[in-house]
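A closer look at the structure
For reference, the chains in residue letters:
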Amino acid sequence: QVQLVESGGGLVQPGGSLRLSCAASRSIFNINTMGWYRQAPGKGRELVATFTSGSLTNYLDSVKGRFTISRDNAKNTVYLQMNSLKPEDTAVYYCYARTVESQYWGQGTQVTVSS
């Protein structure tokens, strides 16, 4: 059963915007970290933006000021608003959730930034 459902990826021109969403199944209890990682071709997976316990946010330096993570607790959903997109943002973006017991990954959604 899919526990993290991602959507919102696509192809955009440099300078454009996308909003990703990730809805966590209610079967995942007591999430203490939720957010986004990405993996570009030939590179390792890197943290993009997360919420942690206490609503602290953590951003990759290269996306600060351009990306914003937000959440809707009632929907058990996190969002990533991506503005001023650059070609180097091209990657597969993976939703991530963490509990004390386990960690969960979404299937990934492709973001391509190209003219």
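Reading guide: rules and limits
Residues numbered from 1 in each chain as written. Predicted model: local features only at pLDDT ≥ 70, side-chain atom pairs only at ≥ 80, totals over all residues. Heavy atoms only, no water. Pairing = 2+ DSSP bridges. Helix = DSSP H or I, 4+ residues; strand = E, 2+ residues; numbered from the N terminus. Axes fitted to C-alpha atoms, helices over the stretch in contact; angles between N-to-C directions. Salt bridge = Lys/Arg side-chain N within 4 Å of Asp/Glu carboxyl O. Buried < 20%, exposed > 50% of the residue type's maximum accessible area, 1.4 Å probe, protein only. 1 Å grid on protein atoms, 1.4 Å probe; cavity = no way out; pocket = protein on both sides within 12 Å on 5 of 7 lines; lining within 4 Å. Points joined across faces, edges and corners; volume = space filled by probe spheres on them. Nonpolar A, V, L, I, M, F, W, Y, C, P; charged D, E, K, R; others polar.

We now examine the sheet that holds strand β3 (residues 18-24). Read from one edge to the other, the open sheet built from 4 strands follows the order β1-β3-β8-β7, with strand pairing classed as antiparallel. Each having just a single partner strand, β1 (4-7) and β7 (67-72) make up the two edges of the open sheet. Averaged over all neighbouring strand pairs, the angle between strand axes comes to 15°, with direction disregarded. Of the pairings in the sheet, the one linking β1 to β3 comprises 4 bridges and is antiparallel in character. Bridged to Val5 within β3 is Ala23.

Looking now at the pattern of salt bridges. Going through the model one piece at a time under the given rule, you end up with 4 salt bridges. Between Glu46 and Arg38 there is a salt bridge whose closest N-O contact spans 3.0 Å. Here Glu46 falls in the partly exposed class, since its relative accessible area comes to 23%. Classification of Arg38 by relative accessible area gives buried; the value is 4%. For Asp89, the salt bridge goes to Arg66, with nearest N and O atoms at 2.8 Å. Here Asp89, found in the loop between β8 (77-82) and β9 (91-98), pairs with Arg66, found in the loop between β6 (56-59) and β7; they are 23 residues apart in sequence, far enough to count as distant. By relative accessible area, which is 10% here, Arg66 ends up buried.

Okay, the layout of surface pockets next. Here the largest pocket is characterised by a volume of approximately 220 Å³. If you trace the largest pocket, you find 15 residues lining it, with Ile31, Met34, Arg71, Asn73 and Val78 closest to the centre. Where the lining of the largest pocket is concerned, the elements lending two or more residues are β4 (33-39), β5 (46-52), β7 and β8. Its residues assigned to classes, the lining of the largest pocket shows 4 nonpolar, 9 polar and 2 charged.

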